[in-house]
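# Structural overview
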Amino acid sequence: SLHYRLKAEKTNGDDDFCSALNIQVLRRNWSQRYNGNLMNLVVDSALSNETPEDWIFFVSLDNNNNNLKNKICEFNLSFKTYRNSPDEQGGIFAKRVLNNSVSSSNW
């Protein structure tokens, strides 16, 4: 099997707004892999050749604080393979990055 890490990486936007966002990560069968703060998202998993994985992401803002109005958060969802350790350097690996942007308005 092939090991990989899913991680959220902030690229731009308001620090408070990005920190207030939550994310829920589900597999296609609706089993939950992560539910919590977006900026803390780290999921380690493995792929087998026989079972491709489909992921479902729900991003939410469960805070109506006035200082979060009209803000933006840009972040990447990064998928990176690894052999022995998610933090290893060098060697051969694959990395895929999904760019995302979330904005708030008035309420």
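The text that follows walks through the structure, step by step, so that each part is easy to find. (Residues numbered from 1 in each chain as written. Predicted model: local features only at pLDDT ≥ 70, side-chain atom pairs only at ≥ 80, totals over all residues. Heavy atoms only, no water.)

## Looking at the overall build of the protein chain
Convention followed: For the purposes of this entry, the term helix denotes a DSSP run of H or I that reaches at least four residues, the term strand denotes a run of E that reaches at least two, and both are numbered from the N terminus. Burial status follows relative accessibility: with a 1.4 Å probe on protein chains alone, a residue under 20% of its type maximum counts as buried, one over 50% as exposed, and anything between as partly exposed.
Scanning the protein chain from terminus to terminus reveals one helix and seven strands. Sequence-ordered secondary structure for the protein chain, helices as α and strands as β, is β-α-β-β-β-β-β-β. Projecting the C-alpha coordinates of the protein chain onto the three principal axes gives extents of approximately 45 × 35 × 15 Å. Across the 107 residues of the protein chain, 27% fall into the buried class.

## Section: unusual backbone geometry
At W30, a position not held by glycine, the phi torsion is positive, near 70°. Within the secondary structure layout, W30 lies in the loop between β2 (21-27) and β3 (32-37). Relative accessible area serves as the criterion here: at 57%, W30 is assigned to the exposed category. In the Ramachandran plot, N70 falls in the positive-phi region, its phi being about 55° despite a non-glycine side chain.

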